[in-house]
Amino acid sequence: MCLGKRVILLLHLKFRKYLERQAMLVAVWILSEWQKMGSPKFQLVELGPGRGTLMRDVLKVLSKFKLNKDFSIHMVEISPHLSKQQAQLLCYSFDDADANVDMYYRKGETASGTKIFWYSRLEDVPKKFSVVLAHEFFDALPIHKFQFDNGLWKEVLIDIAENSTSDFRYVLSKNQTPMSKIFNPVAGDTRKIIEYSLESDRLIGLLVERFERDGGLGLIMDYGHFGEKGDSFRAFKKHALHDPLKFPGTADLTADVDFRQMKSVAERNHQTVCFGPVEQGVFLYKMQGEVRLESILRSALPENHSSIRSAYQMLTHREQMGARFKFFSMFPFVLKDHLTKFPVNGFH
């Protein structure tokens, strides 16, 4: 193992406790905003839960408030493999559901009695007051890449390279494609290259309808920008940058979330009110992250203090993750005046 990888592994082991505390700040945020709304009965929904670690840490906090049996958890996960990993991490017991009867495909229960259900689609989650979390979810959705050329939006496509049967290249469409014809950038956008996720728009639209109809709130945490980037599509393989066109299917593909587009869709018909995006460093600071850091330091060995402080700097410094990673929240529009009087934590 090379020195760089050993350092990364050491950092991961030493910082894991702090990273768990970072996730717990999300739980604190949920509780504070939920209580402002009158503490209604709710369901906790996560889009693309990954390995389930965020939900695990959120549950740790909620269990301290004796809320385990007062809410249910609903995971939107299309991967059977990942959903099984999540169930193994979170559940005391779990089983597959009857696809001919149930809208969910797996169900389980935590050791403290909280029921968990898994779905392939957000549309199948029960229509109730929902607290929705999305952590590094929207940056993994498919995108279209458009380029403004000779007064028209054209689409950047992928083609087989010349004189090759296996290599790929990017090409600009000669004419407008069906997607570039219907694409309509946010008013005032002057970029010549734009990455656009139709699926992101669709899902935000579903959340807007859900919050307006049933009530709820959403917290989206992801790598992104506010309309200043146009070319962020990239691939990672074994935690290193990788050419997206090389060995398709072997690397993770990602594109930074366009929060300006997301905010435009969410607020288009005055159905929701949004706050952010704010940088991760700002959010953690306003959620008293430094106070919690000092708490960790008091219980840590002195020889680990420097490493722990470095981890906090990595998460909050603008030159590292502090600026690239963003937080964005959504609420029903009817709460606009209420949230002006009682500002949203982490965003003001």
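Not measured: the values here are computed from a predicted model.

Parameters and conventions
- Positions within a chain are numbered from 1, following the residues in the order the chain's sequence is written.
- Thresholds applied to this predicted model are a pLDDT of at least 70 for local features of residues and 80 or more for the giving and counting of side-chain atom pairs; totals over whole chains, interfaces and linings are not thresholded and use all residues.
- The side-chain quantities take in all heavy atoms of the structure and omit both hydrogens and water.
- The way it works is that DSSP assigns letters per residue, a run of H or I at least four long becomes a helix, a run of E at least two long becomes a strand, and they are numbered from the N terminus.
- When a residue's accessible area, from a 1.4 Å probe over protein chains only, is under 20% of the maximum for its type it is buried; when over 50% it is exposed; and in between it is partly exposed.
- Note on contacts: a residue pair is in contact if any heavy atoms of the two residues lie within 4.5 Å.
- Per-residue and other accessible areas were derived by the Shrake-Rupley procedure at a 1.4 Å probe size, with only the shown protein chains allowed to occlude residues.
- In this tally, Asp and Glu contribute negative charge and Lys and Arg positive charge; neither His nor the terminal groups of the chain are included.
- To locate a charge, take NZ of a lysine, CZ of an arginine, CG of an aspartate or CD of a glutamate.
- For the domains described, the bounds stem from an automatic or database domain assignment.
- Defined in terms of a 1.4 Å probe, buried area is the accessible area two parts forfeit on being brought together, summed over both.
- The directions from the helix axis to the C-beta atoms are what the arc is built from.
- Only residues whose relative accessible area exceeds 30% and that form no salt bridge enter a patch; like-charged residues are grouped when within 9 Å of one another, and nonpolar side chains (Val, Leu, Ile, Met, Phe, Trp, Tyr) when within 5 Å.
- For this analysis, a salt bridge means a side-chain nitrogen from Lys or Arg found within 4 Å of a carboxyl oxygen belonging to Asp or Glu.
- Aromatic pairing here means that ring centres of Phe, Tyr or Trp (its six-membered ring) are within 6.5 Å. Orientation follows from the plane angle: under 30 degrees is stacked, over 60 is edge-to-face, and everything else is tilted.
- Whether a charge sits over a ring depends on NZ of Lys or CZ of Arg being within 6 Å of the ring centre and within 35 degrees of the ring normal.
- Strands qualify as paired when DSSP identifies two bridges or more between them.
- Fitted lines through C-alpha atoms give the axes, limited to the stretch in contact for helices. The angle between two N-to-C directions lies from 0 to 180 degrees.
- The scheme is simple: roughly parallel for angles under 35 degrees, roughly antiparallel for over 145, roughly perpendicular for 65 to 115, oblique for anything else.
- Crossings are classed by handedness, with left-handed meaning an anticlockwise turn of the near helix from the far one by less than a right angle and right-handed meaning a clockwise turn.
- For this classification, Asp, Glu, Lys and Arg are treated as charged, while Ala, Val, Leu, Ile, Met, Phe, Trp, Tyr, Cys and Pro are nonpolar and the rest, including Gly, are polar.

Side note on the overall build of the protein
Reasoning step 1: Regarding its fold elements, the protein presents eleven helices and 17 strands.
Reasoning step 2: With respect to the three principal axes, the spread of C-alpha positions in the protein is 60 × 55 × 45 Å.
Reasoning step 3: For the protein, buried positions account for 48% of its 348 residues.
Reasoning step 4: Residue pairs in contact within the protein that sit at least 24 positions apart in sequence constitute 72% of those at least 6 positions apart.
Reasoning step 5: Carbon and sulfur atoms make up 54% of the accessible area of the protein, which amounts to about 18600 Å² in all.
Reasoning step 6: Charge separation in the protein, taken as the distance between the mean sites of 48 positive and 41 negative side-chain charges, equals 5 Å.

Some points on the domain arrangement of the protein
Reasoning step 1: Each domain of the protein was delimited in the assignment, giving domain 1 (7-141 + 197-341) and domain 2 (144-196).
Reasoning step 2: Between domain 1 and domain 2, the C-alpha centre-to-centre distance is 31 Å.
Reasoning step 3: Each partner contributes residues to the interface: domain 1 has 20 residues there, and domain 2 has 16 residues.
Reasoning step 4: With both chains or domains summed, domain 1 and domain 2 bury close to 1500 Å², and 50% of this area falls on carbon and sulfur atoms.
Reasoning step 5: Considering only the surface of domain 1 that becomes buried against domain 2, Gly230, Leu245 and Arg260 emerge as the three largest contributors, covering 37% of it.

Remarks on helix α8 (residues 289-299)
Note on helix geometry: an α-helix contains 3.6 residues per turn, so any two residues three or four positions apart are oriented the same way.
Reasoning step 1: Within α8, burial applies to Gly289, Leu293, Ile296 and Leu297. Relative to the axis of α8, the buried residues are bounded by an arc of 100° and lie together on one face. Looking at α8, the residues exposed on the side facing more than 90 degrees away from the buried face are Val291 and Arg298.

Description of a nonpolar patch on the surface
Reasoning step 1: On the surface, a cluster of nonpolar side chains totalling about 380 Å² of accessible area is made up of Ile158, Ile160, Phe168 and Tyr170.
Reasoning step 2: Of all the secondary-structure elements, those providing two or more residues to the nonpolar patch are β8 (152-160) and β9 (168-172).
Reasoning step 3: With respect to the element layout, Tyr170 can be found in strand β9.
Reasoning step 4: With relative accessibility at 42%, the residue Tyr170 sits in the partly exposed group.

Points about the packing of aromatic side chains
Reasoning step 1: All told, the structure shown has 18 aromatic pairs when counted by the stated rule.
Reasoning step 2: Pairing Phe42 with Phe71 gives two aromatic rings, centres 5.1 Å apart and planes at 10°, and the pair type is stacked. On the criterion of sequence distance, the pair formed by Phe42 in strand β1 (residues 42-47) and Phe71 in strand β2 (residues 71-76) is long-range, its members being 29 residues apart. For the pair formed by Phe42 and Phe71, the shared burial category is buried.
Reasoning step 3: With centroids separated by 5.3 Å and ring planes inclined at 50°, the aromatic side chains of Phe183 and Tyr196 adopt a geometry described as tilted. Placement of the pair is Phe183 in the loop between α4 (178-182) and β10 (193-196) and Tyr196 in strand β10, with a sequence separation of 13 residues.
Reasoning step 4: Accessibility expressed as a relative area gives 8% for Phe183, which makes it buried.
Reasoning step 5: By relative accessible area, which is 11% here, Tyr196 ends up buried.
Reasoning step 6: An aromatic cluster of three or more residues is present, and its members are Trp29, Tyr223, Phe275, Phe283, Phe325, Phe327, Phe331 and Phe347.
Reasoning step 7: Positioned above the aromatic ring of Tyr170, the side-chain terminus of Lys145 is 6.0 Å from the ring centre.

Section: the environment of Ile78
Reasoning step 1: With respect to the helices and strands, the residue Ile78 is situated in the loop between β2 and α3 (80-90).
Reasoning step 2: A C-alpha to C-alpha distance of 7.9 Å links Ile78 and Gly48, two positions 30 residues apart in sequence.

Focus: the sheet that holds β8
Reasoning step 1: On the basis of which strands lie adjacent, the open sheet formed by four strands has the order β9-β8-β7-β10 and antiparallel pairing. Pairing within the sheet leaves two strands with one partner each, and these edge strands are β9 and β10. Between one strand axis and the next, the sheet turns through 35° on average, direction left out of account.
Reasoning step 2: When strand β7 (residues 144-149) meets β8, the two strands line up antiparallel, connected through four bridges. Looking at the pairing, Asp149 lines up with Leu152 of β8.

Concerning the packing of α8 against helix α9 (residues 305-316)
Reasoning step 1: Running from N to C, α8 and α9 point in directions that differ by 160°, and their axes come no closer than 10 Å. As summarised for this structure, α8 and α9 are arranged roughly antiparallel, according to the angle between their axes. Relative to α9, the crossing made by α8 is right-handed. Here Gly289, Glu290, Leu293, Glu294, Ile296 and Leu297 of α8 come into contact with α9, specifically with His305, Ile308, Arg309 and Tyr312.

Regarding the packing of helix α5 (residues 198-214) against helix α6 (residues 259-266)
Reasoning step 1: Contact pair α5 / α6: the axes reach a minimum separation of 9 Å and the direction vectors enclose 40°. In terms of axis orientation, α5 runs oblique to α6. Classified by chirality, the crossing of α6 by α5 is right-handed. The segment α5 lies against α6, with Ser200, Asp201, Ile204 and Val208 engaging Gln261, Met262, Val265 and Ala266.
Reasoning step 2: Grouping the constituent residues of the contact of α5 with α6 by class yields five nonpolar, two polar and one charged.

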